[in-house]
Amino acid sequence: MSENLTEMRASESPEQSRWSMVGKDPWTMPIEKIDLSHPGIWHTNEFLPFLERLRKEDPVHFCAESAVGPYWSVTKYSDIMEVDTSPHIYSSEPTVGIIDSYEEFTLPMFIAMDPPKHDDQRRIAQPVVAPANLKRLESIIRERVCNILDGLPVNEEFDWVKHVSVELTTQMLATLFDFPFEDRYKLTFWSDAATAIPGAGVVNSNEERWAAMEECLQVFTGLWNERVNAEPSSDLVSMLAHGEATRNMPPMEYLGNIILLIVGGNDTTRNSISGGVLALNENPAEYDKLRANHGIIPNMVSEIIRWQTPLAYMRRTALVDAELGGKQIKAGDKVVMWYASGNRDEEAIDRANEFLIDREKARQHLSFGFGLHRCMGNRLAEMQLRILWEEIMQRFHKVEVVGEPQRVYSSFVKGYTHLPVRLHPLN
Amino acid sequence: MAKIRFIEHTGEEHEVEAQAGGSVMLAALTNGVPGIDADCGGACSCATCHVYVQEDWLDKVGEISPTEEAMLSLSTDRQDNSRLSCQIEITDELDGLVVTTPEFQF
Ligand code: HEM
Ligand code: FES
């Protein structure tokens, strides 16, 4: 989502070494200097002990100075729940990213709106990802999963991220929007462009980014015009075009909703697909449990999503003065809920630091958030992962990780850019 | 003690005995009644413990709080007799309560 962009900007400045915590000792550095917002420790996979220290010693922690300004870090499950379920105190406006949005690049999206506007807009978009609708998509999703898996090379190294995680989520998005299938790579491009840092590969400047957004709007306006004159159908564009509250949506709001759905469902699912393979390789006893019982897959999917926590945090802004975990939060303060930490909180989750695919209450994790903004696509994400693992287990004894994974440079999107694997077929 | 009858969308029924003080959601979970996920563990913040309360019981299951109303109002399967079962506290008066679980929790 659009926060990477600012993180990168901050970190690519000459300030980089000043703010990065890479290589520092999490247990002895001055606690007030701990700054989780810098992408460094997320990129190098060093973040866990920093989270643990904050949970133990200062669960509602104030970082006074950082590349993104002052902010609170909330690291315990119960405190995160409190923030997430108090939208009248902790607002999602103006943005849920750690950086205040750039004037030149803000799109209205309901993820960053408070009630009642949030509720009205969400109600319109929601049916497309409701289970009743997903049920109808299941067979086409399974067909696409099978095609992808059957096309993979066996017994040779390839990149799981590129050939499975990205490919599958892209196809899924195209299905959801009923987007012309052969043009589906545009969806990933727009998603990446919306969140990219100018100059880092995807787009070279803000102008280029806006050009991509304009193209996106143009193509989706075309789809809108096509569908508004046709019978209502179950794809998302048709639902927006026919919906009472969205029919007269201004173009920028339409674009915002489209981008929210593309971005929301893109990196998150992609990184859960990669993260599951890695977790099973790092925990061979769990992989054995899975081989012995495929019925465990739905439970495992929840555990993978907890373990991965594809979005490390969501940010709120205090509307009024409030007390949280004994600390005084002031109106206007940034409050960051570190889901990646709450999901490892031993006080809330039994054996929280172990990956256990058969754990009880596996669904009780923070990865989708809670409250009014709870992830709208959660059932879709779970369904994709369930189908994928069902089909993987029909084909392969093991998806073996054969090299070092490379992680995304972001404290927000927690995921992988590269995961080398080798497939071992079932006999 | 109260007897509670859960009816799945398929029509299959489960009758459980529940202690006063707990919630209808907990009664389902501790007795292995399917159809209720309760992802937030009873914090009124996930809406995956959604049930339909049989009409005769609607005035006995207590008021809907503003938080519950907010969560319910986002549900795609909302009906007039919708409730979040973690927000219904069991009392002896609820002996005989009948609720239906939806096909999907979302
Ligand atoms: C494993 C995969 C996923 C994870 C971990 C995830 C995580 C999240 C989180 C943490 C939020 C809460 C935002 C907040 O509280 O401020 C959220 C909201 C949202 N997600 Fe997801 N998501 C996933 C998949 C998806 C998919 C597949 C879609 C799209 C179809 C999607 C669409 C959305 C939307 C539209 C919202 C905004 C909801 C609102 O503000 O009411 N997500 N997601
Ligand atoms: S258990 Fe989450 S709302 Fe009832």
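Above: the structure in question.
Residues numbered from 1 in each chain as written. Chains lettered and ligands numbered in written order. Predicted model: local features only at pLDDT ≥ 70, side-chain atom pairs only at ≥ 80, totals over all residues. Heavy atoms only, no water.

Some remarks on the site of ligand 1
Residues and elements named next belong to chain A. Around ligand 1, 28 residues are found, and the nearest of them are His-118, Arg-122, Arg-316, His-373 and Cys-375. Contacts to ligand 1 include Arg-122, whose side-chain N or O atom sits 2.8 Å from an oxygen atom. Between ligand 1 and Arg-316, the relevant distance is 2.8 Å, taken from an oxygen atom to a side-chain nitrogen or oxygen of the residue. For the shell around ligand 1, the secondary-structure elements that each account for two or more residues are helix H6 (117-125), helix H12 (251-282), strand S5 (313-318) and helix H16 (378-395). Counting residues per element, the shell around ligand 1 draws most heavily on H12, which supplies 7 residues. (Near = heavy atom within 4 Å. Polar contact = N/O pair within 3.5 Å; in protein donor to acceptor, adjacent residues only side chain to side chain. Helix = DSSP H or I, 4+ residues; strand = E, 2+ residues; numbered from the N terminus.)

Quick word on empty space enclosed by the protein
If a probe as big as a water molecule is rolled over the atoms, it shows which places are left empty. Residues and elements named next belong to chain A. Using the criterion set out here, one finds 5 cavities of 30 Å³ or more in the structure. Approximately 690 Å³ is the volume attributed to the largest cavity. Lining the largest cavity are 41 residues, and of these Gly-264, Gly-265, Cys-375, Met-376 and Gly-377 sit closest to its centre. Counting residues per element, the lining of the largest cavity draws most heavily on H12, which supplies 7 residues. Split by residue class, the lining of the largest cavity holds 24 nonpolar, 13 polar and 4 charged. Considering only enclosed or pocket space, the second largest cavity measures out at about 120 Å³ in volume. (1 Å grid on protein atoms, 1.4 Å probe; cavity = no way out; pocket = protein on both sides within 12 Å on 5 of 7 lines; lining within 4 Å. Points joined across faces, edges and corners; volume = space filled by probe spheres on them. Nonpolar A, V, L, I, M, F, W, Y, C, P; charged D, E, K, R; others polar.)

Here we look at helix H14 (residues 297-308) of chain A
Residue and element names in this part refer to chain A. The end-to-end C-alpha distance of H14, which contains 12 residues, comes to 16 Å, matching closely the 16 Å that a straight helix rising 1.5 Å per residue would cover. Inspection of H14 places Ile-297, Met-300, Val-301, Ser-302, Glu-303, Ile-304, Ile-305, Arg-306, Trp-307 and Gln-308 among the buried residues, and these make up the whole buried set. Elements that come into contact with the buried residues of H14 comprise H12, helix H13 (284-292), H16 and strand S11 (416-418). Thr-309 sits one or two residues past H14 and shows a positive phi near 40°. (Expected span 1.5 Å × (residues − 1). Buried < 20%, exposed > 50% of the residue type's maximum accessible area, 1.4 Å probe, protein only. Contact = heavy atoms within 4.5 Å.)

Topic: the side chain of Arg-55 of chain A
Its place among the elements puts Arg-55 of chain A in helix H4 (residues 47-57). Here Arg-55 of chain A is buried and forms no salt bridge, its nearest opposite-charge partner Asp-345 of chain A lying at an N-O distance of 4.7 Å. (Lys, Arg positive; Asp, Glu negative; His and termini not counted. Salt bridge = Lys/Arg side-chain N within 4 Å of Asp/Glu carboxyl O.)

A look at the pattern of salt bridges
Residues and elements named next belong to chain A. Going through the model one piece at a time under the given rule, you end up with 38 salt bridges over all chains. One salt bridge connects Arg-351 with Glu-354, and the closest N-O pair in it is separated by 2.8 Å. Put simply, Glu-138, Arg-142, Asp-150, Arg-386, Glu-390, Glu-391 and Arg-395 are held in one network by salt bridges that share partners.

Observations concerning the layout of surface pockets
Residue and element names in this part refer to chain A. Reported here for the largest pocket is a volume of approximately 670 Å³. Of all the secondary structure elements, the ones that give two or more residues to the lining of the largest pocket are helix H7 (131-150), H14 and H16. Looking at the lining of the largest pocket residue by residue, the class counts come to 10 nonpolar, 5 polar and 9 charged.

Observations regarding the environment of Phe-368 of chain A
Residue and element names in this part refer to chain A. Position of Phe-368 among the secondary structure elements: in the loop between helix H15 (339-342) and H16. With a relative accessible area of 11%, Phe-368 lands in the buried category. Separated by 182 residues in sequence, Phe-368 and Lys-186 have C-alpha atoms that sit 26 Å apart. Apart from residues no more than four positions distant in its own chain, Phe-368 is found in contact with Ile-305, Arg-374, Cys-375, Asn-378 and Glu-382.

Description of the nonpolar core
Counting residues in each nonpolar core, the largest one holds 137 residues, and the members touching the most others are Trp-160, Phe-177, Phe-220, Leu-290 and Trp-389 of chain A. No other element matches H12 of chain A, which puts 13 residues into this core. Contacts of Leu-290 of chain A, omitting those with residues within four sequence positions, involve Leu-280, Ile-296, Ile-297, Met-300, Ile-357, Trp-389 and Met-393 of chain A. The next biggest cluster of nonpolar side chains, apart from the first, holds 32 residues, and it includes Met-25, Val-33, Ala-47 and Leu-84 of chain B. (Core = buried A, V, L, I, M, F, W, Y, C linked by side-chain atoms within 4.5 Å.)

Points about the packing of H12 of chain A against H13 of chain A
Residue and element names in this part refer to chain A. Here H12 crosses H13 at 110°, and the two axes come no closer than 5 Å. Accordingly, the angle class assigned to the pair H12 and H13 is roughly perpendicular. Along its contact with H12, which presents Leu-280, Asn-281 and Glu-282, the element H13 presents Pro-284, Glu-286, Tyr-287 and Leu-290. Among the residues forming the contact of H12 with H13, the class breakdown is 4 nonpolar, 1 polar and 2 charged. (Axes fitted to C-alpha atoms, helices over the stretch in contact; angles between N-to-C directions. Parallel < 35°, antiparallel > 145°, perpendicular 65-115°, else oblique.)

Looking at the interface of chain B and chain A
Taken together, the 19 residues of chain B in the interface contact 22 residues of chain A. Summed over both partners, the interface of chain B with chain A buries about 1700 Å², with 61% contributed by carbon and sulfur atoms. Looking at the side of chain B facing chain A, the largest losses of area belong to Asp-39, Leu-74 and Phe-106 of chain B, adding up to 43% of the total buried there. A salt bridge links Glu-103 of chain B to Lys-135 of chain A, with the shortest nitrogen-to-oxygen separation between them at 3.0 Å. The interface formed by chain B and chain A holds 8 residue pairs in polar contact (both at pLDDT 80 or more) in total. (Buried area = accessible area lost by both parts, 1.4 Å probe.)

Thoughts on the sheet that holds strand S4 (residues 158-159) of chain A
Residues and elements named next belong to chain A. With antiparallel pairing, 3 strands are arranged side by side in an open sheet as S4-S12-S9. Both edges of this open sheet fall to S4 and strand S9 (396-401), since each of them pairs with a single strand only. The sheet contact formed by S9 and strand S12 (residues 420-425) spans 5 bridges and is antiparallel. Bridge pairing links Val-399 to Leu-423 in S12. Sheet contacts for H12: S9 and S12; angle to S9, the most-contacted strand, approximately 95°. Against the sheet, H16 contacts S9 and S12, and its axis sits at roughly 110° relative to S9. (Pairing = 2+ DSSP bridges.)

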